[in-house]
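Residues per chain, in single letters:
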Amino acid sequence: MNRILLILAVLTLVAGVSVAQPAVGSVSGRVVDASGNPVAQATVTFHVQVPPDTCGGCGGNGNGQCDGSGQGAGNGNGNGYGGWTVVTTTTDAAGFYLIPELPVGTGWARACKPTVGTAYRTIEIVEGANTYDFQLAPLGRRFLAMN
């Protein structure tokens, strides 16, 4: 009887460990104005469409976790509704930003500061570190982005 209980306990532990975690990557970069000067307190937003075999987006600026419902829950401003994860952050005084965790996928990103300008770009998040810099176009010229 004890042997059966031991086997059941081991199988339960193995089953719990084998649950696949969604693939994630970090994103960092810098936001500058049209002259190349850093832009402090710019808003940077990433919209990532996650593959259908994940949990519908495991959102957040940190430890997003799937709950099996198709929605993600993170400890940041992310949400995973409808297969998209949307995360917003702001730049520091030197124009740098960091999003420590985003699900792997493709989509688009926007950086903006109302008094300076806006930049949009397509993105592809891969496992590991990703870098996307933005050069804000003056208001009215919105599609200037750095490579």
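Throughout what follows, the structure given in this document is the object of discussion. Not measured: the values here are computed from a predicted model.

Glancing now at the overall build of the protein chain. Within the protein chain one finds one helix and 10 strands. Going from the N terminus to the C terminus, the protein chain shows its helices and strands as α-β-β-β-β-β-β-β-β-β-β. In the protein chain, the proportion of contacts linking residues at least 24 apart, taken out of those at least 6 apart, comes to 59%. With the model as given, the accessible surface of the protein chain reaches about 8,300 Å², and the carbon-plus-sulfur share is 57%.

All chains considered together, the criterion is met by five aromatic pairs. Geometrically, the ring pair formed by F46 and Y97 is tilted, given 6.0 Å between the ring centres and 40° between the ring planes. In this pair, F46 is assigned in strand 2 (residues 43-49) and Y97 in strand 6 (residues 96-103), connecting sequence segments 51 residues apart. Given a relative accessible area of 0%, F46 falls into the buried group. Linked through ring pairs, F46, Y97, Y132 and F134 together constitute an aromatic cluster. Over the aromatic face of F134 sits the side chain of R121, whose NZ or CZ is 5.8 Å from the ring centroid.

Moving on: the side chain of T89. Relative to the assigned elements, T89 resides in strand 5 (residues 84-90). Those residues within four positions of T89 in sequence are excluded, and the remaining contacts are A42, T43, V44, Y97, L98 and I99.

Take the pairing of strand 1 (residues 24-32) next. Inspection of the sheet shows strand 1 paired to strand 6 by six bridges, in the antiparallel sense. Bridged to V24 within strand 6 is P103. Here strand 1 runs beside strand 9 (residues 128-131); their pairing, made up of four bridges, is parallel. The partner of V27 across the bridge, within strand 9, is N130.

Once that is clear, we can look at the sheet that holds strand 5. Read from one edge to the other, the open sheet built from four strands follows the order 5-2-7-8, with strand pairing classed as antiparallel. The outermost strands of the open sheet, each flanked by one partner alone, are strand 5 and strand 8 (117-125). Averaged over all adjacent pairs, the angle separating strand axes in this sheet is 15°, with direction ignored. For strand 7 (residues 105-113) and strand 8, the ladder comprises nine bridges, and the chain directions are antiparallel. Its bridge partner being in strand 8, W108 is matched across the sheet by T122.

Now for the environment of V104. Mapped onto the elements, V104 comes out in the loop between strand 6 and strand 7. The exposure class assigned to V104 is partly exposed, which follows from its relative accessible area of 23%. Separated by 79 residues in sequence, V104 and G25 place their C-alpha atoms 6.3 Å apart. Those residues within four positions of V104 in sequence are excluded, and the remaining contacts are A23, V24, V48, Q49, V50, P51, I125, V126 and E127.

On to the nonpolar core, then. Considering soluble globular proteins, one finds that nonpolar side chains tend to be buried as a cluster. Among the nonpolar cores identified, the biggest contains 19 residues, and V27, V31, F46, Y97, L102, Y132 and F134 are the most heavily contacted of them. For this core, the elements supplying multiple residues, two or more each, are strand 1, strand 2, strand 6, strand 7 and strand 8. Residue contacts for F46: discarding those within four places in its chain leaves V27, T85, V86, V87, Y97, I99, L102, W108, A109, I123, Y132 and F134.

Reading the values: the criteria
- Residues numbered from 1 in each chain as written.
- Predicted model: local features only at pLDDT ≥ 70, side-chain atom pairs only at ≥ 80, totals over all residues.
- Heavy atoms only, no water.
- Helix = DSSP H or I, 4+ residues; strand = E, 2+ residues; numbered from the N terminus.
- Contact = heavy atoms within 4.5 Å.
- Areas by Shrake-Rupley, 256 points an atom, 1.4 Å probe, with all protein chains shown as cover.
- Phe/Tyr/Trp six-rings, centres within 6.5 Å; stacked < 30°, edge-to-face > 60°.
- Buried < 20%, exposed > 50% of the residue type's maximum accessible area, 1.4 Å probe, protein only.
- Lys NZ or Arg CZ within 6 Å of the ring centre and 35° of its normal.
- Pairing = 2+ DSSP bridges.
- Axes fitted to C-alpha atoms, helices over the stretch in contact; angles between N-to-C directions.
- Core = buried A, V, L, I, M, F, W, Y, C linked by side-chain atoms within 4.5 Å.

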